[in-house]
Every structure is written in structure tokens, then in C-alpha cells.
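Each chain, letter by letter, is given below.
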Amino acid sequence: MVRITDTILRDAHQSLAATRMRTEDMLPIVEKLDQVGFYSLEAWGGATFDSCIRYLNEDPWERLRMIKGAAKNTPIQMLLRGQNLVGYRHYSDDVVEKFVTLAAKNGIDIFRVFDAVNDIRNMEKSIKVAKREGKHVQGTICYTISPVHTNDTFVEMAKELAALECDSICVKDMAGLIMPQESYELVSRLKKEVAIPVDLHCHCTNGIAPMSYYAAAQAGVDILDTAISPFSFGTSQPATESVVGAFMNTPYDTGLDLKLLAEIAEYFYKIKEKYAGVIDPIAERIDVNVLVYQIPGGMLSNLVSQLKQQNKMDKYGDVLKEVPEVRRELGYPPLVTPTSQIVGTQAVLNVVLGERYKVVPKEVKDYVKGFYGRSPAPIDPAVQKKIIGEEQPITERPADLLPPEMEEVIKKVNELGLKEVKEEDYVTYALYPQVAEKFLKGEIKPEEIPQKSAAAPVKSKLGANARKFLVELDGKVMEMRIEAIGGPAGAGLPLDIPASAPAAQIEEEPAGDVDGAVTSPMQGTILKVNVKVGDSVKKGDVVAVLEAMKMENDIVAHSSGVVKSVYMQKGKNVDANAVLAVIE
């Protein structure tokens, strides 16, 4: 008998619908999901935490409590990125301890713990805390293909995880790379050499996963991950109903009720119609190019989203070719969050900017410095030098270099002057300080669900002086570009500058080429402004920090001089090539 973990409440919509499914669309069906008899329901972790507070204005902790309250019989499972938790950097041990403790308290029964580079040192703390809380820990191997990843290395890692008292092993095939024969051989060896249950998690990007699942079943796999059919296949998992049907009347029969699964599927077909506007056809289709580019489902939809954000979808093919090059140069990290974002974003920047490693996000620098753990293979020396110069990567466990964070987090949250602060709110702030501050203050507006339209896009005819405004119409907020007409040449609409901002410091962005201009390399949000008018700067000094594609990017001075003008402020959204400052 094979058990089933269903991913409909987490990975399925993360892979196909950019993690935008709202809690209100999950709760009505949870009781019915609970009746099926799944091994577990994966319902939390991954990108859901970030998406809840960034786009949906939902409390992820409340989502977890409500799902757990509705699912009385089925274990609730989460995906935990080891020392990264559900974020994009390593957090200190006290943050990890607090997060795992509260996740267990709020309803997580099974912690699927992995590390993006398969560095077990980054998994030890979360495993230890989850075990202390009496929870099931599923130690996870990120499956990938490279000259340094073999079944031997995967089996040795499984043995180390078993030695840490993990309760089961998951082979996490993010990109859908495992072939049926490899699936059979790896699962056979794991069942022979590691005496705990084995789970296989595959994405269907290249369409081969169902065959690999059957081969795994023949090899003795204990658990398979599937998704209710409306949100299955493509970059998601194989369909639950298909796997259940294929295994009927075989030694691997799941024992699940197809009629009940069909009723659940009918519900999610209606939900899928609601989210049709965020489901990109690229994510749904079978793409054998994954065997060449090795890009997992969630990363693929991320790349599409990033390119659309930068108005560069015409570069999609070039980015697909660039990803494996960047991955090789960075030491073949498995492409899973956060290394998928690290590799993918760098590939996008290399292509969009027309120069490789012209801009290197902070997260890429930290990876090369060893702050994410050991790279599976040595990083290309030339690329390493270009990114961090003569600095040498660390060799110790990265978290050992991180001082405790929670005391400072508690202080900062208390200074926000919130009426009520829950224990979980402090952890939310620790994970995503910029977004969490707005969320906790009630400043996040739920993102509108875009409606799918067959209409062809209309090219803008507005000039360079057009400005972006948020306009509320019939209760709906939309973004519009507006340009003043009939005024002097070069005139534009004034920016929305706070009354407290000194006029000499923040001016209206000039149009056209400006000598000495420091420009934004891409669309994003200003996180930090390091200069003011009159400051002296040297070439290479960081004048601002731009958040783009969930990464922090240093904007540096291209020449030495004095800051003549500043056209940016913290929190301002800027377009690609926007003038941020002028150095004279």
C-alpha cells in the first residue's frame, strides 16, 4: 500500500497560481479533504507565508489555525527551509527555535525540513526543535542532476538524516528530473540502507513524474506527493485521482475513494476559474526543456513573473539558457528556494542588463561568501572574484556567525505602537521586517485577482514624463499612468512627496539623459537611501538599496564626486532606468 500526501493547499497553487490562493477558498473544502484518508495535507510553509502578508493581507498563522481546526483527522504538513525557515536568508538560532515552536503550537504535525544546498548543518536546529516538540520530522534530500550529485551522495545524506532521528525521508524532485529507472534505483537503495519510510515528491514539468512514481512504488516507496487534478501536472505534482486510479487493484493500492476525490476536484475546478488570471500557460504545459535547463516549477513561474515585471518577456528563451550557466558557475546548487531565486534572479539580471554580473544582489554575494552553506561544487574562481573580490568564503556553519535576533525584533515591533501584538507577530516581523511592518500596521491592501482576458495588450503612447498613480474606482484600486499636456516642454506631473520631505533633497525626476545620473537598473522599490545633496561619494559607494524580484540590490556610484540632486526616497517604486540621483 502506498500513502498519499496531497499538496493542493500549498505546493499545487504555489507552482501553478503564484501562491495566490486565499484562505477563504480553502476552508470550505478542508473538511472533505480530511475525510479522504491522506497520509498528510501539505498546507503551509514554502512561499505561502510570504504571499499571505505581501499580497493577500492575510495572517499566515491564522490560516494555519483555521485549516488545523477544520482537519480533525489528517496531519498538517509544512515545508521548512532549514535555517531559512520560510524566508530567503539564514536566521539566527533563536528565531528558528521560536518559529518552529510556534508552528508546532499552531497546528503543524509534520515538518518537512530541507536545505537548498543539502548542507545538513543548516537543518540540524529546526530538526532538533521539532523533535523536542514531539512532531514528525521528514528529513529531505533535494534531488538534482550534476557532476557532483549521485545516488551514492543522496543515500549518504539520508543516513545522516536518520542519525539525527528524522522520522522519514523525502526525496524532493523540484524540477521533475528523476527518471523512472533512477527513481527505482534510488528508492530501492534508500529502503535497503535506511530503516525509515521514504516519500517521493516530484513535479510534472516534463511529464515523466507519473512513470517515476510507478517505478518508485515498485521499489517500495511508502508515500507519494500528488495534487487534486485541477491544480496538477505542468509545474505541479501528478494528479491525485490519476495516481489513485492507476494503483487500484495492485499491491500499491492507496485505498482512497475516487468518488470523493472527484467531488473535491469539482470544487477546485471552480476555484481555478477564479484564479485563471494568475495561471500562466507556460506553467501548465509540459516542457521537456526542463531536462536541459533543470528549472523547477515554482522557479519557472517566478522567472515568468520577474520578466513580466521588467517588461522583458521577449528575453524568456535567453534566460532559460542562462540559468544552467549561472548554476554551473555557482557550484551546482540544487534549484530550490532560496537558491532557485538566487540563481534565477542573477540569470534574469545578466540577460536583462546585457552584461553578466553587472549587478549582483546581496543574496548572491552572501551565497558566494558561504553564508548559505557549502556549495556542492567549488564556485568558478573568476566569477567568485568578480562577485566578492579577494574576500574568502567562510567555512563554519553559517548560523554560528549570527547573533541572536529576537530581542531586537521585539524592541522594534513594540516601537511600532500597535494596539495588540501576538507572539506570532514578532516572528513574522523577524522573517520579513519591511513587509511585516506594513502588514502589522494594516497598510497592506489585498491584491486584486487579475481577470483573464484574450484582449491583446495595448502599447503605451505616453511619453517619458508620464507618472504612475493609484486610482480608486468603484471600490477597486488600480494603477494608471498619466501625463500632463499643454504645458512647457518637458513638464510632467509632480511626484507624491510627503510634506515632511525637504524640497532640496527630493526633486522631480528629470526626463532624458542626464550627465552623472545614477539610474535604477530595473523596476523595484527603494529600500534605503544612503546619500543626500552635498555628500561627497567615491566610485563604487552604495548610494541606495533597491528591492527587486525579492532581492536586495546595491545601487552604486559610477564615478566620484558630489551629490547634486536626489530623486528617490525609501518606499518609492521606480521603473527601470529611472534617475535616482545625480553626481557632479
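Everything here concerns the structure above.
Nothing here was measured: the structure is a model prediction, and the numbers come from that model.

**Student:** Describe the sheet that holds strand 7 (residues 198-202), with residues and values.
**Tutor:** Around the barrel, eight strands lie side by side as 1-2-3-4-5-6-7-8; this closed barrel has parallel pairing. Across the sheet, the axes of successive neighbouring strands diverge by a mean angle of 30 degrees, strand direction being ignored. Two elements, strand 1 (residues 3-6) and strand 2 (residues 40-45), share two bridges in a ladder whose sense is parallel. Within the sheet, the bridge partner assigned to Asp 6 lies in strand 2 and is Leu 41.

**Student:** Now, about the packing of helix 10 (residues 240-247) against helix 11 (residues 258-274): what can you tell me, with residues and values included?
**Tutor:** Two elements in contact, helix 10 and helix 11, have axes separated by 10 Å at closest approach and are oriented at 165 degrees. When the interaxial angle is binned, helix 10 and helix 11 end up roughly antiparallel. Crossing handedness for the pair helix 10 and helix 11: left-handed. Touching Thr 240, Glu 241, Val 244 and Gly 245 of helix 10 are Leu 258, Leu 261 and Ala 265, all from helix 11.

**Student:** Pulling in residues and values, what's your account of the sheet that holds strand 12 (residues 524-529)?
**Tutor:** For sheets, the rule is that strands pair by backbone hydrogen bonds, running either parallel or antiparallel. The strand order across the open sheet built from four strands is 15-14-12-17, with neighbouring strands paired in antiparallel fashion. The outermost strands of the open sheet, each flanked by one partner alone, are strand 15 (551-556) and strand 17 (573-574).

**Student:** Give a detailed account of empty space enclosed by the protein, specifying residues and quantitative values.
**Tutor:** Under the definition given, this model contains two cavities of 30 Å³ or more. In this structure, the second largest cavity encloses a volume near 40 Å³. In terms of lining residues, the second largest cavity is bounded by Met 299, Asn 302, Leu 303, Gln 306, Ser 340, Gln 341, Gly 344 and Thr 345. Elements represented by at least two residues in the lining of the second largest cavity include exactly helix 14 (297-309) and helix 16 (339-352).

**Student:** Before we move on, could you go through unusual backbone geometry and cite the residues and values that matter?
**Tutor:** One can expect most non-glycine residues to show negative phi and most peptide bonds to be in trans. In this model, Thr 19 sits at a positive phi of 60 degrees, which is unusual for a non-glycine residue. A relative accessible area of 7% places Thr 19 in the buried class. At Glu 165, a position not held by glycine, the phi torsion is positive, near 70 degrees. Of note, Glu 165 is situated in the loop between helix 7 (151-163) and strand 6 (168-173). The class for Glu 165 is exposed, based on a relative accessible area of 55%.

Cut-offs applied
- Residues numbered from 1 in each chain as written.
- Predicted model: local features only at pLDDT ≥ 70, side-chain atom pairs only at ≥ 80, totals over all residues.
- Heavy atoms only, no water.
- Pairing = 2+ DSSP bridges.
- Helix = DSSP H or I, 4+ residues; strand = E, 2+ residues; numbered from the N terminus.
- Axes fitted to C-alpha atoms, helices over the stretch in contact; angles between N-to-C directions.
- Parallel < 35°, antiparallel > 145°, perpendicular 65-115°, else oblique.
- Left-handed = near helix turned anticlockwise from the far one by under 90°.
- Contact = heavy atoms within 4.5 Å.
- 1 Å grid on protein atoms, 1.4 Å probe; cavity = no way out; pocket = protein on both sides within 12 Å on 5 of 7 lines; lining within 4 Å.
- Points joined across faces, edges and corners; volume = space filled by probe spheres on them.
- Buried < 20%, exposed > 50% of the residue type's maximum accessible area, 1.4 Å probe, protein only.

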